[in-house]
Amino acid sequence: MSRPLLVFEDISTTPRRRLFGFLGVEVMATPYAWFSVPFFCILGVLIAFGQRPEDVGLRTVMVGLVYGLLLYFTNVLHSLGHILAAKKIVAPMEVLLLTGTRDVTLYRKGDPEPSKWMFIGRSLGGPVANMLAGFIALGIWYLFVDAWLLSFCVFNFAIAVWTLCPVPSMDGWVIWGELFGFRKH
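Scoring rules and cut-offs
- Here, residues in each chain are numbered from 1, in the same order as that chain's written sequence.
- Given that this is a predicted model, residues contribute local features only at a pLDDT of at least 70 and side-chain atom pairs are listed and counted only at 80 or more, while totals for whole chains, interfaces and linings are drawn from all residues.
- Think of the side-chain values as coming from all heavy atoms in the structure, minus any hydrogens and water.
- Strands are treated as partners if at least two bridges between them are detected by DSSP.
- Here a helix means four or more residues in a row that DSSP labels H or I, a strand means two or more in a row labelled E, and each is numbered from the N terminus.
- Simply put, an axis is a line fit to the C-alpha atoms, just over the touching stretch for a helix, and the angle between two N-to-C directions goes from 0 to 180 degrees.
- In plain words, nonpolar cores are sets of buried Ala, Val, Leu, Ile, Met, Phe, Trp, Tyr and Cys residues tied together by side-chain atoms within 4.5 Å.
- Accessibility here uses a 1.4 Å probe with only protein chains present; expressed as a share of the type maximum, an area under 20% marks a residue as buried, one over 50% as exposed, and anything in between as partly exposed.
- Contact between two residues is taken to exist if any of their heavy atoms lie within 4.5 Å; hydrogens are not considered.
- Should an angle lie under 35 degrees it is considered roughly parallel, over 145 roughly antiparallel, and from 65 to 115 roughly perpendicular; all remaining angles are considered oblique.
- By definition, any crossing whose near helix is turned counterclockwise from its far helix by less than a right angle is left-handed, and any crossing with a clockwise turn is right-handed.
- When residues are sorted by character, Ala, Val, Leu, Ile, Met, Phe, Trp, Tyr, Cys and Pro go into the nonpolar class, Asp, Glu, Lys and Arg into the charged class, and all the rest, Gly among them, into the polar class.
- Here a salt bridge means any side-chain nitrogen of Lys or Arg lying within 4 Å of a carboxyl oxygen belonging to Asp or Glu.
- In summary, the pairing rule links any two rings of Phe, Tyr or Trp, Trp by its six-membered ring, whose centres are within 6.5 Å, and it sorts them by plane angle into stacked for under 30 degrees, edge-to-face for over 60 and tilted for everything else.
- In our convention, an over-ring charge means Lys NZ or Arg CZ found within 6 Å of a ring centre and within 35 degrees of that ring's normal.

Participant: How should I be thinking about the sheet that holds strand β2 (residues 25-29) in this particular structure?
Facilitator: Across the sheet, 4 strands lie side by side as β1-β2-β3-β4; this open sheet has mixed pairing. Lying at the two open borders of the sheet, with one neighbouring strand each, are β1 (17-22) and β4 (103-107). Within this sheet the neighbouring strands show an average axis-to-axis angle of 25°, counted without direction.

Participant: Just checking my understanding: could you explain the nonpolar core for this structure?
Facilitator: The nonpolar side chains of a soluble globular protein tend to be buried with one another. Judged by nonpolar contacts, Phe40, Ala48, Val63, Tyr67, Leu70, Leu71, Leu77, Ala133, Ala137, Phe152, Cys153 and Phe155 together constitute the single largest core of 12 residues. Every element with two or more residues in this core is listed here: α1 (36-51), α2 (58-88), α3 (116-144) and α4 (147-163). Once you skip the residues sitting within four places of it in the chain, phenylalanine 155 turns out to touch Ile47, Tyr67, Leu70, Leu71 and Thr74. In this structure, Val25, Val27, Met93 and Leu96 belong to the second largest nonpolar core, which totals 10 residues.

Participant: How should the packing of α3 against helix α5 (residues 171-180) be read in this particular structure?
Facilitator: Each pair of packed helices can be summarised by the angle the axes make with each other and by the distance between the axes. α5 packs onto α3 with a crossing angle of 150° between their chain directions and a minimal axis gap of 9 Å. Judged by the angle between their axes, α3 and α5 are roughly antiparallel. For the crossing formed where α3 meets α5, the hand is left-handed. Note on element contacts: α5 touches α3 through Asp171, Val174, Ile175, Glu178 and Leu179, opposite Lys116, Trp117, Phe119, Ile120, Ser123, Leu124 and Pro127. Taken together, the residues that form the contact of α3 with α5 break down as 8 nonpolar, 1 polar and 3 charged.

Participant: Just checking my understanding: could you explain the environment of serine 79 for this structure?
Facilitator: Note on placement: serine 79 falls in helix α2. Judged by relative accessible area, which is 4%, serine 79 ranks as buried. Sequence separation of serine 79 and glycine 125 is 46 residues, and the distance between their C-alpha atoms is 8.2 Å. Look past the residues within four positions of serine 79 in its chain and what remains in contact with it is Leu96 and Asp103.

Participant: Got a minute to help me understand the pattern of salt bridges in this structure?
Facilitator: Oppositely charged side chains can form a pair if their charged atoms are brought close together. Scanning all chains against the criterion turns up 1 salt bridge. With a closest N to O distance of 2.2 Å, arginine 18 and glutamate 26 form a salt bridge. You can call arginine 18 partly exposed: its relative accessible area is 47%. Accessibility expressed as a relative area gives 29% for glutamate 26, which makes it partly exposed.

Participant: Would you mind showing me how to read the packing of aromatic side chains here?
Facilitator: Describing an aromatic ring pair means giving the distance of the ring centres and the angle of the ring planes. For the structure on display, the rule yields 10 aromatic pairs. Ring centres of tryptophan 176 and phenylalanine 180 lie 6.1 Å apart, and the angle between their planes is 15°; on these two criteria the pair is classed as stacked. One end of the pair, tryptophan 176, and the other, phenylalanine 180, are both in helix α5, 4 residues apart, so they sit about a helical turn from each other. Clustering of aromatic rings is evident, with ring pairs tying together Phe39, Phe40 and Tyr72. For the cation-ring pair, arginine 122 lies above tyrosine 107, with the distance from its terminal atom to the ring centre recorded as 3.8 Å.

This is how it looks when you write it as structure tokens:
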């Protein structure tokens, strides 16, 4: 798929620049990858305004910017989960591509092709990483009752649930498609 969901660049034709290698995965970026930080910050500000529509001011914008950074970190954890899962099940990821909106995982075309359980395992990596981060944040929140921890917890749970939906180019599409046979390779 050359334009995964919520990715505005055509990932098959947009130039890429290598940033660094991490655990055997090439981390690359499109020329628009820099926009992901403002993208997540804008999303965070919209969430903050949605929580308090009557209180539009500098404080709400500042809260929104912190939300945006928490969302960005949630995205990084999701990608890290995919890298670790692919490594664990020996179906390696080739490239983590940073785009202007979200990260895209690109896998080696193997011979033989990975089994359905390998596809499922590496697709589960991101949502599981977010769920784990959410539960850890929730546990720490119970100890310290901090609003930022609770927000981080909610963001991780929301991203995990969202990415498990059976929508093309999302983790859920791979997982449910492999389990129920509607996904074509």
